[in-house]
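Each chain, written out:
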Amino acid sequence: MKTQYLLGNEAIAHGCLEAPVDFVTGYPGTPSSEVVDILRAVPDRGYYIEWSVNEKVAFENALSAAWCGLRALCTMKHVGLNVAADPLMTSAYTGVTGGLVVMSADDPFAHSSQNEQDSRCYALFSRLPCLDPSGIQEAHDMVRDAFALSEQFSLPVIFRPTTRVCHSKGDTLIGEPVRNTRKGEFHKDPRQYVVIPAHTRILHKKLNEKQPALKKALVEKGYNTAVIRGRRAVVASGIAAAYVQEILPDDVSFIKIGAYPIDEEWLAAQVSRHEKVLVVEELHPVVEEAVRQVAGTIPVSGKKNGVVPYEGELSTASVAAILKSFGINPGEDYPATSPVTDLPPRPPILCAGCMHRPVFYAMRRVFRDGVYPSDIGCYTLGLQLGAVDTTICMGAAVTVASGIAHAGDSRDIVATIGDSTFLHSGIPGLLNAVYNGARMILIILDNRITAMTGHQPNPCSGVTACGGPSPQVSLEALCRACGVSWVETVDPYDLVSLMATLRAAKDQPGVKVVIARQPCVIMARRANLRRGRFEVDPATCTACGVCIGFGCPAIEKRDDKAFITDLCSGCGVCAQICPAGAIRKETRTEGKR
Amino acid sequence: MSTSFDVLMVGIGGQGIILASNILGEACLAEGRSVKGAETHGMAQRGGSVEGHIRIDGKFGPLIPPGSARVIIAFDMLEALRYAHFLAPGGMIVSNSHFVIPTSVYMQGVPVPDEKSLRERLSAWPLCLVDADGIAAEAGSFLSQNVVMIGAASWFLPLKPASLLGAIERLVPQKTVEINRKAFELGRAAGEKCRTERQGA
């Protein structure tokens, strides 16, 4: 045992090593990605590990490993669980032999997500147990023990940390990793694994019969606890429990929910000892609904009467205000302060030299009146460049484009999607668009990596999660196999060719695919690819602002003229768009910032 | 009850806030103290405004309430102003005297902030300005700015300089230990001036 300062996801990964886990899959998604990234970097691993192409694929691989008796972990972000929901729902019926833990990381406040859905609702929906840690230590301990819980009830366990658990840090007591010794073997049992109606009706009954013992066990294991200290009680779950604990006065009872399903009998017994109850939780009022069901005439406060917000994340400061409005004086009084409001925002932007920027630039010039469906990735930042009209979920750039085209919009429909997102769930949409004769252009932004979530490899990268060699998928062959007859590949740093290719695509019928290919500029830098830098000749610069409008973070205004800073990675696209020809490759190399 | 000493680090994605937060966390462990923190990960790091919360002796939530940070360490002067409302009464802002103009300024045509007005506005709070760019260059690497800032702030933190230096030596890449040790000492010397001025005031 030792104490280390760990990121939440590091602690979770370490808990899996202590279980130990035998089989790991996942698809990257903030805030979950570091768990697999850490586990794949462990030297001399005794477990199998892969980055899968999407969450459904990841889940099914892990499920079958658990059917073979292995302890399996499958990681994703909350919206990934939508993709994996199909096998998830029925895996509750088939159950598992080895422990299966499905980590679905929720993102209150949508720091890095398209919505604020709550994975605990999937637990209620599927009738699977769900563990909901309130901090890093608990996340570590819960995931370490979750495999045994899964085996005890032969059910997959949903493990649901949130952003402020995954991406927070703290002193964490960890144990020793355990060496794997299990070997997977599938034992045929069609009544368990072939869910034809005759089997599944019986399996459904078995799932329901497991619930009472499961609820009792989650209380006995200490996940759901109550400390009765007064006539008023606060019930809290997840990270909100930590915020409450920080400031709750000693004369108020504290009921902590760390696992679902909640034992109603136990909950009713705790709630009934109070005159009024406040429920504090993020996202969906899962705990509040349970409390309201057992509270009888005891007044309950929470989201449903407007005391706790439905949206966003909580914090110690916001919980202090909630306690006050409920009539509890919090142990801390925070000064009322407000930020300075007149500062220019500093949102994340595409890197200097990012290959997406010239594609968006060219696209907007060739298809001035176009409609631009896009997708989930760094390139969603193309919104700032006026090049993203829609984003809904992974893979939907393709289907939104074909839908708009079939709806009758006569403008050019030009969709953008990254390589990883295309492989994740864009392929069926492309197949469908070709099959049904859509008129659209799909630009695949192929930087050979899953960049946004931290540069995880994918089938375009030529390496596996552990760095082993793997064949690089041919996006050209894949698109042609879907039936696309017009497929062109272009270097996005070559603006003339890029524009010419897009113009050529414009004139073709049906579905056209342009593959714009350059390595992610961060990966190129890590691989020591040096292109030199560019500079502005102040004597030639006319201060027209064209390069400034390109939106590259390496281009600043100094004395009204353009100036290229040390951030320049040498893509050279600005030199191609400068009408005065004032940008040229730098001749000297010393720093000039 | 919360009794933590809260330190907020702010800057721009890519400036090394995560390493800086690890240094403070490791130093806490070396002194046998509990610590909680939170930081920005993911796409927000792509040149965006980022924050790192470190709660020395923290036991519960990782987020620092506004108005509660005893020290703010800013890697960029504009970001120092953006987060100044987090400072507790009697706290101290230790900020890099340089700043990067956000690209949004040019794209949206909003007024360009200038150094003089930033300095003036920041002087409403107890402020220690450090030429982190220049000192890091003197230490031997532009990349050691985060360690320069920790050195400067070390006068205002409840952690022993030896604990911080030990954490730096363990956490920075092996071949940069010398540069970072120097960056810490030079930063510490720069911070001492602020401490003396403050005590004089």
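Everything quoted here is computed from the prediction, not taken from an experiment.

**Student:** Give me the lowdown on the domain arrangement of chain A, citing residues and values where you can.
**Tutor:** Residue and element names in this part refer to chain A. According to the domain assignment, chain A consists of domain 1 (2-220), domain 2 (224-325), domain 3 (356-526) and domain 4 (534-585). One C-alpha centre belongs to domain 1, the other to domain 3, and the line joining them spans 32 Å. Residue-level contacts link 16 residues of domain 1 with 17 residues of domain 3. Together domain 1 and domain 3 conceal approximately 1200 Å² of surface at their shared face, both sides included; 57% is due to carbon and sulfur atoms. Its largest share of buried area at the contact with domain 3, domain 1 owes to Tyr27, Arg40 and Gln114, together 39% of the area lost on that side. Applying the counting criterion to the domain 1 and domain 3 interface returns zero salt bridges. Here domain 1 is connected to domain 3 by five residue pairs in polar contact (both at pLDDT 80 or more).

**Student:** Any chance you could break down the pattern of salt bridges for me, citing the residues and the numbers?
**Tutor:** A complete count under the given rule lists 47 salt bridges over all chains for this structure. In this structure, B:Arg119 and B:Glu115 form a salt bridge, with 3.2 Å as the shortest nitrogen-oxygen distance. With a gap of four residues between them, B:Arg119 and B:Glu115 both fall in helix H4 (residues 115-122), about one helical turn apart. Among the residues examined, B:Glu115 registers a relative accessible area of 37% and is labelled partly exposed. Bridged by salt links that share partners, the residues A:Asp106, A:Asp118, A:Arg120, A:Asp132, A:Arg160 and A:Glu281 form one connected network.

**Student:** Any chance you could break down the state of the cysteines for me, citing the residues and the numbers?
**Tutor:** Residue and element names in this part refer to chain B. Applying the stated rule across the entire model yields one disulfide over all chains. Across the disulfide, Cys128 is cross-linked to Cys194 (sulfur-sulfur distance 2.0 Å). Note on the Cys128 and Cys194 pair: the S-S dihedral is about 75 degrees, so by sign convention the disulfide is right-handed. Linking Cys128 in strand E6 (residues 127-130) with Cys194 in helix H8 (residues 177-200), this pair joins segments that are 66 residues apart in sequence.

**Student:** So what's going on with unusual backbone geometry? Which residues, and what values?
**Tutor:** All names here are of chain A. Each neighbour pair has its own omega, and for Thr30 with Pro31 the value is 10 degrees, a cis peptide bond. With respect to the helices and strands, the residue Pro31 is situated in the loop between strand E2 (23-26) and helix H2 (34-40). For the bond from Tyr260 to Pro261, the omega torsion is 5 degrees, close enough to zero to count as cis. Within the secondary structure, Pro261 is located in the loop between strand E12 (259-260) and helix H12 (264-271). For Phe109, which is not glycine, the phi dihedral falls at a positive 80 degrees. At His455, a residue that is not glycine, the phi angle is positive and equals roughly 65 degrees. If you trace the backbone, His455 turns up in the loop between strand E16 (440-446) and helix H18 (475-481).

Cut-offs applied
Residues numbered from 1 in each chain as written. Chains lettered and ligands numbered in written order. Predicted model: local features only at pLDDT ≥ 70, side-chain atom pairs only at ≥ 80, totals over all residues. Heavy atoms only, no water. Domains from an automatic or database assignment. Contact = heavy atoms within 4.5 Å. Buried area = accessible area lost by both parts, 1.4 Å probe. Salt bridge = Lys/Arg side-chain N within 4 Å of Asp/Glu carboxyl O. Polar contact = N/O pair within 3.5 Å; in protein donor to acceptor, adjacent residues only side chain to side chain. Helix = DSSP H or I, 4+ residues; strand = E, 2+ residues; numbered from the N terminus. Buried < 20%, exposed > 50% of the residue type's maximum accessible area, 1.4 Å probe, protein only. Disulfide = S-S within 2.5 Å.

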